[in-house]
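One letter stands for each residue in the lines below.
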Number of protein chains: 4
Amino acid sequence: MANFKGHALPGSFFLMFGLWWSVKYPLKYLSGKMKANCRTSLFYQRLEFVEGLMKAIFSLVGILAEQFVPDGPHMRLINGEDHSWVKLMNWQHSTMYLFYGLSGVVDVLTYFPLKIPVGLDRLSLSLAVFVEGFLFYFHVHNRPQLDQHIHALLLIAIFGGAFSIFLEVFMRDHVVLEFFRTSLTILQGTWFWQIGFVLFPPSGGPEWNQEDHSNIMFITMCFCWHYAIALILMTINYSLVYCFVKRQRWNNCEMDIGIRKLNSDKDSKAALLAGSEEE
Amino acid sequence: MANFKGHALPGSFFLMFGLWWSVKYPLKYLSGKMKANCRTSLFYQRLEFVEGLMKAIFSLVGILAEQFVPDGPHMRLINGEDHSWVKLMNWQHSTMYLFYGLSGVVDVLTYFPLKIPVGLDRLSLSLAVFVEGFLFYFHVHNRPQLDQHIHALLLIAIFGGAFSIFLEVFMRDHVVLEFFRTSLTILQGTWFWQIGFVLFPPSGGPEWNQEDHSNIMFITMCFCWHYAIALILMTINYSLVYCFVKRQRWNNCEMDIGIRKLNSDKDSKAALLAGSEEE
Amino acid sequence: MANFKGHALPGSFFLMFGLWWSVKYPLKYLSGKMKANCRTSLFYQRLEFVEGLMKAIFSLVGILAEQFVPDGPHMRLINGEDHSWVKLMNWQHSTMYLFYGLSGVVDVLTYFPLKIPVGLDRLSLSLAVFVEGFLFYFHVHNRPQLDQHIHALLLIAIFGGAFSIFLEVFMRDHVVLEFFRTSLTILQGTWFWQIGFVLFPPSGGPEWNQEDHSNIMFITMCFCWHYAIALILMTINYSLVYCFVKRQRWNNCEMDIGIRKLNSDKDSKAALLAGSEEE
Amino acid sequence: MANFKGHALPGSFFLMFGLWWSVKYPLKYLSGKMKANCRTSLFYQRLEFVEGLMKAIFSLVGILAEQFVPDGPHMRLINGEDHSWVKLMNWQHSTMYLFYGLSGVVDVLTYFPLKIPVGLDRLSLSLAVFVEGFLFYFHVHNRPQLDQHIHALLLIAIFGGAFSIFLEVFMRDHVVLEFFRTSLTILQGTWFWQIGFVLFPPSGGPEWNQEDHSNIMFITMCFCWHYAIALILMTINYSLVYCFVKRQRWNNCEMDIGIRKLNSDKDSKAALLAGSEEE
C-alpha cells in the first residue's frame, strides 16, 4: 500500500508497542527493585501472553488487509493470462506480517507448559524484525534518491533492533537492552509516519524535491531528532512510573505485613503445584 | 556441476542433516529436561561420532563425484598444452567438500580420548560453512542478475549459519543456537533445490527471465517463505518429539525405581573407569 | 563551522576528555589494586557526576556557539522566502552536541537516587558517539577525495569508540575497555586538529592537493602515527600515576592503622544511611 | 619492498610465530590437562616474555631494514626540493612493524611487576594486526585485478586474526581461540610467500596474467588450500606434542611423589614472597 495510510498503519502498530513497552519495562524493573508487590512474576508472564496474542492478531489483520483491500491480490500470486506476478508489494508486506505473526504464536506457546526453550521467543522476534529489514532492503531499488535514503534510515532502526533483540536471547531480562529495544521501536513507529508525510503529503501540500541534496541532509538530521524525541518520551514515562511505584509502595506499606503471610502461604502452595506439574 | 542434479545433491545433504537435527536437538533438550532416562550423555556422544563419520563419508563421496564425473577434471589441475586451469568449478566444489570432510574428521577424533579441546568441533564446522560461503561469494561474478541474486540469498543462510555455529564455540549446548542452526541448515537445503528449479528447470519448462525485476522481488520473498516452512517443519518435529518423550516417560515410570538402583551402580563403576582412564 | 576553529574546538574537547581519562582510569585501577585508600567508591561516583555536568555544559556551549555565531542559523530552520533549509551544517553540528548533552544528563541523573539502571549511562554515551559518526558519514558526500578520506578515517575512531562503549554496557568497569575508549578519544581529538591543519591551513600555507594519491597514502599512515602517539601519551600518564600511587601508599602506611578504624566507623554509618535511603 | 624478498621476509616471521604457537599452545593445554608438572605457570610467563622480546627485536629489525635498504627513505619523509613524499611504501611498512613492536613492548612490560592490566597485551596485539590490515586495505588501490584480489584474501586472514585476538581480551587462555589465532597466523605466513611467488616469480618464470578471471578463481581456491594445509600442520604438531606429553608423564610418575613435596615447599615460599611483594 504505497500511500499515506500504508505507512501510518504499521507506524501506529510500532508506536503503540513502543509506548506500551516504555511503561511496562520501567514498571517491571522498578517494582522488581523496590519489591513493591510479590505476585509480579506470574503477572508479567500473563502480560507476555496477551502481548503475543495481540501481535498474532494484529499480524493477521495486517495480512488480511494487504490481501483483500480493493486493489489487493486477493490471495492470487500468478496472473494466469500472461504468467506475471500479481501485486508483489502486497505479498511482500503480507510476508513481513507473517513473521511477526509467527513471533506472536511463539510468545503464546511459551505460556503453555510445552517446555519451549527460554529465549526462543526473543529469537523469533529478532527474526521477524530481521525479515522486515531484509525485505525492505530489496524493496526500494530503482526509486528516487530521497525515497531510498529515507528507507535506508529506517533500516538502521530495524537492523539495530534485530541485533539488540538477538542479544536478548543470551541476556534475557537485561533492562538496558529492553530500554534500547523500546527506543528503537518508538523510533521505527514515528519514522514510518515521517516517511508517509514526506513521500505522500496527506494535506495535499507540495511534494518534496526528491533529488535536492539539502533535503537528504535534513532528513538525516531529522532521523536523529526522532530518536531524541523517543528518548525524551521514554524518560517521561520512566519518571511517571517511578512516581507511581513510589506512591504505591507507601500505600502498601501498612497492609504489607498482614498480606505477606497470606502470600507466602499461597506461594508455597503454588510452588507445590508447579513442582507436581513439572514432574 | 552447473545443472539441476548439481544443486539437488548438496541440497539433499543439507536437508537431511537439518531434518535429522530438528529431531535430535528437541529430543536431547526434552529428555534432558524431563530426565526420561540416564544413559543419555554417552548416547549423544555416540550420535555425534556417527554424525561426524557420515559427514566425512558424504564429503568423500562429494569430492569423488566432482572429480570423476565424465566431464570432471579427474584430479588434473593444469592443462599441459596451453597452461590453462582445468574445470575450476569442480575443483572449487571439491574444496568445499574437503572442509566439511575435515569437520567430520574432527568430530570423529573428538570421540577418541585424545583430549581434543571442547569446542574445536564447532569451530571446524563453522569454518567449513564459512569456506562454503567464501567460495560461493567469488563464484558468481559475471553472471546474470537473477543468478547472482539467488546465490546472494543463499549466502545469507550460509554466513548466518557460520556465525551461529561460531557462537556455539563459546556457548556449547545452547538449545536456542542449536535450533537456529537447524533452521538455517534446512533453509539451505530447500534453497539449493529452489536454485536448481529456477536456473535449470528440470521439467523442461520455460526458463525464467533473468533480468525481470519482478522475478527478483518474488525470489526475495520466496526465500522468506522457505524459512517460514523450515520453522513450521521444526515446530512439527518438536511437537512429535514432545509427545514421544512424554509417553516414554509414563511407560518408564513404573520400572524406573528398579532400574535407577541398577543404573547408579553401573554409573559409579563407569565413573571409576573414566577416572582411572583420565589419570 | 567549516574552518580551522570549527575543527579545533571539538578536537580540544575530545583531547581534554581523553587526557583526563588517561589519568582517571589508571588512578582508579591502580588505587583499587593497591587498596591505597578506602573512600574511593564515593569519590569516583562524584567524579562521574562532575564529568556528566561538564559534558552537558560543553554541549550546551557547543549548541549555542553553532546557532549564534554571526553566520549561524539563529534557531531558524526554514527560510520563509524560498522554503529552503537554513544552514544545515550548523544544525547537524548542533544535533551532535545535543546527543552528547543527553549523555551528560543521563550521567548526572545516575548520581541521584532515581534507580536509573546501571549501564544506561554507557549506552547513552555510545549512542552519542554513534550519532556523531552517523551524521559525519552522510556529511561528506560530494567533496574532494582527500576531504572524504580524512573524514572516513575519523569514522574509524568514532565507530570503534561507539562499539567499545557499547561493550561497556555489559562489561562495566572493564579496565582494558576503558583504556581502549580513552585511546580512541585522544585519537579523535588529535585527528580533529589534523583535519583542521590539512583542510584549512591556519598559517596561510599552501593548500594540500586534494586529488594526489600520495597525499592520501600519507594521511592514512599519519592516522596510525596519531594512534601510536595516543598510546605513548597514555603510557606516560600510566607511569606517572603508578609512581604517584606507590608513593602515596608509603606515606599512608604509617597513619593507616589509626585511620582505618575511624573509616570503618564512618563507612558503617554511611552504609546505614544509604540503606535507609534505599528503603 | 615490492619484490619477492619483501614478501618472503614478513611471511617467514608469521610462519615462524605460527608454527611456534602450534607447538606451544597444545603443550600448555595438554600439560595443563594432564598435570604433567607443576612449575608451568612461571614457565609460560617467561615464554611470553621471551616472545615479546623477539617480537620487539624483529620489529626493530624490520623498521631498520625498510628504512636503510639502498633504495629506502633513510628516515627522510619529505623531499625538500619538490615537497613530495619520500618512499611512502617503506614508511607504511615501517608503521606496520612499529605497532608489532609496541605489542612486543607491552608483552615485555606485562612480565614486570607494574600491574599492567591483564588483557592489555592481547589488545595491543589485536591493534597491531588491525593496523596491518588497515594499511594494507588502502595499500592496493589502483593496482591490477589479481594483485588487488590476492591482497584482499590476505585481509581476510588479517582481520579474522585481529577479531579473534580481540575476543581473547575477554576470554583469555581460551584454547580454541588460541588454536584459531595460530591457524590464521600460519595462513598469513604461507600466503605472504604465495603472493611473492605469484606477483614476483623468483624463478624468472612467466608472469601471471593479471586480468584472467580463471586465475582469480584459482587463487581464491588456493587460499582455502593454504588454510587446509595450516590445519593439517597444526594437527601433526598437536599429535607430536600429545605423544611427547604422554611419555613425559610416564617417566615423571615415579619421581613425582618425591618431588611434589619439595615443590609444594618451594611454592609456599614463593607465594609468601609474592604476597609480601604485593603488599
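Owing to the predicted nature of the structure, the values given are computational and were not obtained by experimental measurement.

What follows covers the environment of V23(D). All names here are of chain D. As for its position among the elements, V23 is in helix 1 (residues 4-34). C-alpha separation for the pair V23 and Y238, spaced 215 residues apart in sequence, amounts to 6.9 Å. Beyond its immediate sequence surroundings of up to four residues, V23 is in contact with N237 and V241.

What follows covers the relation of the copies chain C and chain A. Superposition record for chain C on chain A: RMSD 0.0 Å, screw rotation 90 degrees, translation along axis 0.0 Å. Taken together, the rotation and translation relating the two chain copies correspond to the operation of a four-fold axis.

Taken together, the contact between chain D and chain C spans 30 residues of the former and 33 residues of the latter. Between chain D and chain C, the buried area comes to about 2,700 Å², and carbon and sulfur atoms account for 83% of it. Taken together, the connections running from chain D to chain C amount to zero salt bridges. Between the two partners, chain D and chain C, sit seven residue pairs in polar contact (both at pLDDT 80 or more).

On to a nonpolar patch on the surface, then. There is a patch of nonpolar side chains on the surface, built from L60(A), L64(A), F68(A) and M75(A) and spanning about 400 Å² of accessible area. Among the structural elements, F68(A) can be located in helix 2 (residues 40-68).

So, on to the UniProt feature "transmembrane region" (unreviewed entry) in chain A. Residue and element names in this part refer to chain A. Residues given the UniProt feature "transmembrane region" (unreviewed entry) here are residues 6-27, 47-65, 97-114, 123-140, 152-171, 183-204 and 216-245. Taken end to end, residues 47-65 is 100% helix and 0% strand, and its two terminal C-alpha atoms sit 26 Å from one another. Its end C-alpha atoms 44 Å apart, residues 216-245 is made of 100% helix and 0% strand.

Before going further, it helps to examine the packing of helix 4 (residues 120-137) of chain B against helix 6 (residues 175-199) of chain B. Residue and element names in this part refer to chain B. Close contact between helix 4 and helix 6 brings their axes to 14 Å; oriented N to C, the two are set at 30 degrees. As for the relative orientation of helix 4 and helix 6, their crossing is left-handed in sense. Within the contact between the two elements, helix 4 uses R122, L125, E132 and F136 and helix 6 uses E178, R181, Q188 and F192. Here the contact of helix 4 with helix 6 is built from residues that sort into three nonpolar, one polar and four charged.

Let us now look at the interface of chain C and chain A. At the junction of the two partners, chain C supplies 30 residues and chain A supplies 33 residues. In total, about 2,700 Å² of surface goes out of reach between chain C and chain A, with carbon and sulfur atoms giving 83% of it. Seen at the junction of chain C and chain A, the total is zero salt bridges. The interface formed by chain C and chain A holds seven residue pairs in polar contact (both at pLDDT 80 or more) in total. Residue assignment for the side of chain C that touches chain A shows that the elements contributing at least two residues are helix 3 (88-111), helix 4 (120-137) and helix 5 (145-170) of chain C.

Quick look at unusual backbone geometry now. Even without a glycine there, the phi angle at K115(C) is positive, about 55 degrees. Take K115(C): it is sitting in the loop between helix 3 and helix 4. Taking the relative accessible area as the measure of exposure, K115(C) reaches 21% and is therefore partly exposed. Its identity is not glycine, yet D173(D) carries a phi of approximately 60 degrees, on the positive side. Among the secondary structure elements, D173(D) is positioned in the loop between helix 5 (145-170) and helix 6 (175-199). The exposure class of D173(D) is partly exposed, given its relative accessible area of 46%.

Below, the discussion takes up the side chain of E178(D). Residues and elements named next belong to chain D. Within the fold, E178 resides in helix 6. On the accessibility criterion, E178 (2% relative accessible area) is buried. Every residue in contact with E178, bar those within four places of it in the chain, is listed here: Y25, K28, R122, E168 and D173.

Let us now look at the packing of aromatic side chains. Within the structure shown, the criterion is met by 120 aromatic pairs over all chains. Consider the rings of F179(C) and Y238(C), whose centres lie 6.1 Å apart with planes at 75 degrees: the pair is edge-to-face. Residue F179(C) is found in helix 6 (residues 175-199), and its partner Y238(C) is found in helix 7 (residues 213-278); the two are separated by 59 residues along the sequence. Exposure class is identical for F179(C) and Y238(C). Each is buried. Residues F218(C) and W225(C) carry aromatic rings whose centres are separated by 6.1 Å and whose planes lie at 85 degrees to one another, so their mutual orientation is edge-to-face. Judged by its relative accessible area of 8%, F218(C) falls in the buried class. Clustering of aromatic rings is evident, with ring pairs tying together F130(A), F134(A), Y137(A), F138(A), F159(A), W191(B) and F223(B). Taking the ring centre of W21(A) as reference, the NZ or CZ of R181(A) above it sits at 4.6 Å.

With that out of the way, let us pick up the side chain of N215(A). Here N215(A) shows up in helix 7 (residues 213-278). A polar side-chain atom of N215(A) sits 2.8 Å from a polar atom in the side chain of W85(C). Discounting chain neighbours no more than four positions away, the residues touching N215(A) are L146(A), W208(A), N209(A) and W85(C).

Another point: the pattern of salt bridges. Applying the stated rule across the entire model yields 44 salt bridges over all chains. Between E48(B) and R122(B) there is a salt bridge whose closest N-O contact spans 3.9 Å. Of this pair, E48(B) sits in helix 2 (residues 40-68) while R122(B) sits in helix 4, and the two are 74 residues apart along the sequence. As far as the burial class goes, E48(B) and R122(B) line up, both buried. Between E168(C) and R181(C) there is a salt bridge, and its shortest N-O distance comes to 2.7 Å. Here R181(C) lies in helix 6 and E168(C) lies in helix 5, a separation of 13 residues in the sequence. One salt-bridge network, held together by shared partners, links K24(A), E48(A), E51(A), D121(A), R122(A), E168(A), R172(A) and R181(A).

Cut-off values and rules
- Per-chain numbering applies: the sequence of each chain, read as written, is numbered from 1 onward.
- Chains carry letters from A onward and ligands carry numbers from 1 onward, assigned in written order.
- In keeping with the model being predicted, local features are shown solely for residues with a pLDDT of at least 70 and side-chain atom pairs are shown and tallied solely at 80 or more, while totals for entire chains, interfaces and linings include all residues.
- Computation of side-chain values: all heavy atoms of the structure, hydrogens and water removed.
- To qualify as a helix, a DSSP run of H or I must reach at least 4 residues; to qualify as a strand, a run of E must reach at least 2; elements of each kind are numbered from the N terminus.
- By definition, residues are in contact when any of their heavy atoms lie within 4.5 Å.
- Least-squares superposition of the copies uses the C-alpha atoms of those residues scoring a pLDDT of at least 70 in each of them.
- Accessible area that two parts lose when put together, with a 1.4 Å probe and added across both, is what the buried area reports.
- What counts as a salt bridge is simple: a side-chain nitrogen of Lys or Arg found within 4 Å of a carboxyl oxygen of Asp or Glu.
- Any pair of N or O atoms that falls within 3.5 Å is considered a polar contact. Within protein, one atom must be able to donate a hydrogen and the other to accept it, and sequence-neighbouring residues count only if both atoms are side-chain atoms.
- Every patch collects residues that have over 30% relative accessible area and no salt bridge, joining them within 9 Å if they carry like charges and within 5 Å if they are nonpolar side chains (Val, Leu, Ile, Met, Phe, Trp, Tyr).
- Accessibility throughout is a Shrake-Rupley quantity obtained with a 1.4 Å probe, and a residue counts as covered only by protein chains that appear here.
- UniProt positions are given in the numbering used here, feature names are shortened, and annotations may be inferred rather than shown by experiment.
- Angles shown run from 0 to 180 degrees and are taken between the N-to-C directions of axes, each axis being a line fitted to C-alpha atoms and, for helices, limited to the stretch in contact.
- We call a crossing left-handed when the near helix sits turned anticlockwise from the far one by less than a right angle, and right-handed when that turn is clockwise.
- Amino acids are sorted into nonpolar (Ala, Val, Leu, Ile, Met, Phe, Trp, Tyr, Cys and Pro), charged (Asp, Glu, Lys and Arg) and polar (every other residue, Gly among them).
- The classification of residues rests on relative accessible area computed with a 1.4 Å probe and restricted to protein chains. Under 20% of the type maximum is buried, over 50% is exposed, and intermediate values are partly exposed.
- The rule is short: rings of Phe, Tyr and Trp, with Trp giving its six-membered ring, pair when the centres are within 6.5 Å, and they are stacked under 30 degrees, edge-to-face over 60, tilted in between.
- Two limits define a charge over a ring: the Lys NZ or Arg CZ must be within 6 Å of the ring centre, and within 35 degrees of the ring normal.

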